[in-house]
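In case you want the letters, here they are:
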Amino acid sequence: MPFKLTDEQIMIQTMVRDFAREVLLPTAMERDRTKEFPAENLRKMGTLGLMGMMVPPEYNGAGVDTLSYVLALQEVAYACASTAVVMSVHNSIVCETINRFGTEEQKQTYLKPLAAGDVIGAFALTEPEAGSDPVSQLTWAERDGEHYIIHGTKRFITSGKHAGVTIITAKTDKTKRHKGISAFIVKKGAPGFTVGKTEEKMGLCASDTTDLVFEDCRIPAGNLLGQEGDGFKIAMTALDGGRIGIAAQSVGVAQAALDAAISYAKAREQFGQPISKFQGLRWMLADMATELEAARQLTFSAAAMKDRGERYTMQASIAKLFASEMVNRVTAKALQIHGGYGYIKEYPVERFYRDARVFTIYEGTSEIQRVVIANHLLEDRYVGTLR
Ligand code: CAA
């Protein structure tokens, strides 16, 4: 591995690999079929320190760096992509955001149980009419004494049904664009807060995706994250880290698909020899491994920049764009190598193919990643930052 890992990073990778392959992998196919949320496995992951990986130990976190987190997430995604997306949103977006922008009281009340894995976190930015353009969101909140009252509907919320804590954005000043958006922490059971419809999805079936409905939902004023008007920047900062998580998830699923394709190509015989002897398939495997490795290095590099405290927004988008498109190509080739067996549910590649499809869509589509990358390239201060 060209990226030199520390002993601690290798230890975390090994520990999570053992756990994921022994506990998550054997039941992943069944979970895909039953759509059962992996609550028990997530609790076990909490005890292993995987639900607050980058949170300091004083708030029940593991206090490790982003690179260690990426290694862990890749291993979880290798075994079960549904579990990985819950872990990714929970760690990268929810825990990191409260840790970075929350008050001491918010950290004591919300971050501690999240980081311990006692409750699951969700992030609610998207709305029925506001996906790629979150500034156009309609959800709004008004101050009423010691409370805020929230009105609106959020859509496509990962873990919406199972989350105990959700970060939501809402307009507190409708006359302003992004500067009129604020972020709030909402607890499950808050008056006026209900879970709406659960989506029937193509993949990631064991991770629920729901609407969240706020009808005069009353929350304490102390649940405002940052200041009024900070919500858009908080959400964008959260997504920078989240996009590294989706890149890591893509690498994990692509590795699983490549490994499955290699095993199948060695075992399957046609025309009197293993199909791995045919050059057409050997070159497919070689191309899959090459782009997988490139995606892994981009993901590590974005994580390392974040760990060094550098500005990493563009590198997170580059890693997310390349890795999510890569995993779609790699899973499609893995399925092709399996022939007819790739198309049936007895083999895991058809699940990998379905699970990977959303990676170029959520946490910013590939088109939005290109917008972010191009915006950075055309900034005056860009010159030389890729070298
Ligand atoms: N970090 C900090 N600040 C940022 C930022 C970042 N990464 N990106 C933008 N900003 C700031 C800008 O500096 C600007 O601030 P100033 O006015 O002070 O200069 C402000 O935010 C507005 O920026 P833009 O004018 O560039 O904003 P925009 O409306 O043009 O949108 C965008 C920019 C990048 C396209 C953004 O809208 C975007 O990322 N869209 C995609 C949304 C998305 O990813 N949704 C995914 C939903 S979450 C999800 O999928 C989770 C899940 O459950 C799996």
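Right above here is the structure, for reference.
Residues numbered from 1 in each chain as written. Predicted model: local features only at pLDDT ≥ 70, side-chain atom pairs only at ≥ 80, totals over all residues. Heavy atoms only, no water.

## Here we look at the packing of aromatic side chains
Under the counting rule described, the total for this entry stands at seven aromatic pairs. Here Tyr 264 and Tyr 347 contribute two aromatic rings whose centre-to-centre distance is 6.1 Å and whose plane-to-plane angle is 85°, an arrangement assigned as edge-to-face. Taken as a pair, Tyr 264 in helix α6 (residues 231-267) and Tyr 347 in the loop between α8 (313-337) and α9 (349-356) lie far apart in primary sequence, 83 residues in all. Under the relative-accessibility criterion, Tyr 264 is labelled buried at 10%. Taking the centre distance of 5.9 Å and the plane angle of 25° together, the rings of Phe 359 and Tyr 362 count as stacked. Through pairs of rings, three or more aromatic residues link up here, namely Tyr 264, Tyr 341 and Tyr 347. (Phe/Tyr/Trp six-rings, centres within 6.5 Å; stacked < 30°, edge-to-face > 60°. Helix = DSSP H or I, 4+ residues; strand = E, 2+ residues; numbered from the N terminus. Buried < 20%, exposed > 50% of the residue type's maximum accessible area, 1.4 Å probe, protein only.)

## A short note on the layout of surface pockets
Quantified by volume, the largest pocket comes out at close to 1200 Å³. Lining the largest pocket are 46 residues, and of these Thr 126, Gly 131, Tyr 362, Glu 363 and Gly 364 sit closest to its centre. Mapped by element, the contributors of at least two residues to the lining of the largest pocket are α4 (81-101), β3 (147-158), α6 and α10 (366-377). With eight residues, the top contributor of residues to the lining of the largest pocket is α6. Considered class by class, the residues forming the lining of the largest pocket number 21 nonpolar, 12 polar and 13 charged. (1 Å grid on protein atoms, 1.4 Å probe; cavity = no way out; pocket = protein on both sides within 12 Å on 5 of 7 lines; lining within 4 Å. Points joined across faces, edges and corners; volume = space filled by probe spheres on them. Nonpolar A, V, L, I, M, F, W, Y, C, P; charged D, E, K, R; others polar.)

## Overview of the nonpolar core
Counting residues in hydrophobic clusters, the biggest one holds 93 residues, and the most contacted among them are Met 45, Met 87, Ile 98, Phe 123 and Ile 337. Sorting elements by how many residues they give to this core places α6 first, with 18 residues. Filtering out sequence-adjacent residues up to four positions away, Ile 337 remains in contact with Ala 261, Tyr 264, Ala 265, Ile 275, Leu 281, Met 284, Leu 285 and Met 288. (Core = buried A, V, L, I, M, F, W, Y, C linked by side-chain atoms within 4.5 Å. Contact = heavy atoms within 4.5 Å.)

## Here's the deal with α8
For α8, spanning 25 residues, the distance from its first C-alpha to its last is 36 Å, which sits close to the expected 36 Å at 1.5 Å a residue. Of the residues trailing α8, Gly 339 is marked for its positive phi of about 60°. (Expected span 1.5 Å × (residues − 1).)

## A look at the site of the ligand
Taken together, 24 residues are adjacent to the ligand, and Thr 158, His 178, Lys 233, Arg 243 and Glu 363 come closest. Contacts to the ligand include His 178, whose side-chain N or O atom sits 2.7 Å from an oxygen atom. Here the ligand, which alone exposes 1100 Å², has 74% of that area covered by the protein. According to the grid-proximity analysis, the pocket containing the ligand is the largest pocket. Within the residue set of the shell around the ligand, elements represented by two or more residues are α6 and α10. Considering every element that reaches the shell around the ligand, the biggest residue donor is α6, with seven residues. (Near = heavy atom within 4 Å. Polar contact = N/O pair within 3.5 Å; in protein donor to acceptor, adjacent residues only side chain to side chain. Areas by Shrake-Rupley, 256 points an atom, 1.4 Å probe, with all protein chains shown as cover. Sits in = over half its atoms within 2 Å of the grid points.)

## Looking at empty space enclosed by the protein
The final tally for this structure, using the stated rule, is two cavities of 30 Å³ or more. Those elements that provide at least two residues to the lining of the largest cavity are α1 (7-34), α4 and α9. The element best represented in the lining of the largest cavity is α1, accounting for three residues. Its residues assigned to classes, the lining of the largest cavity shows five nonpolar, one polar and four charged. Estimated volume of the second largest cavity: approximately 30 Å³.

## Observations concerning α6
Under the 1.5 Å per step criterion, the end-to-end length of α6 is 53 Å for 37 residues, consistent within 8% with the ideal 54 Å. Maximum bend of α6: about 25°, positioned at Asp 240. Burial of α6 is extensive: 29 of the 37 residues sit out of reach of the surface. (Bend = angle between axes of the 7 residues up to and from the residue.)

## Some words on unusual backbone geometry
Phi is positive for Lys 35, which is not a glycine, with a value near 65°. Taking relative accessible area as the criterion, Lys 35 reaches 42% and is therefore assigned partly exposed. We note that Leu 204 has phi near 45°; this positive angle belongs to a residue other than glycine. With respect to the secondary-structure elements, Leu 204 resides in the loop between β6 (193-198) and β7 (209-220).

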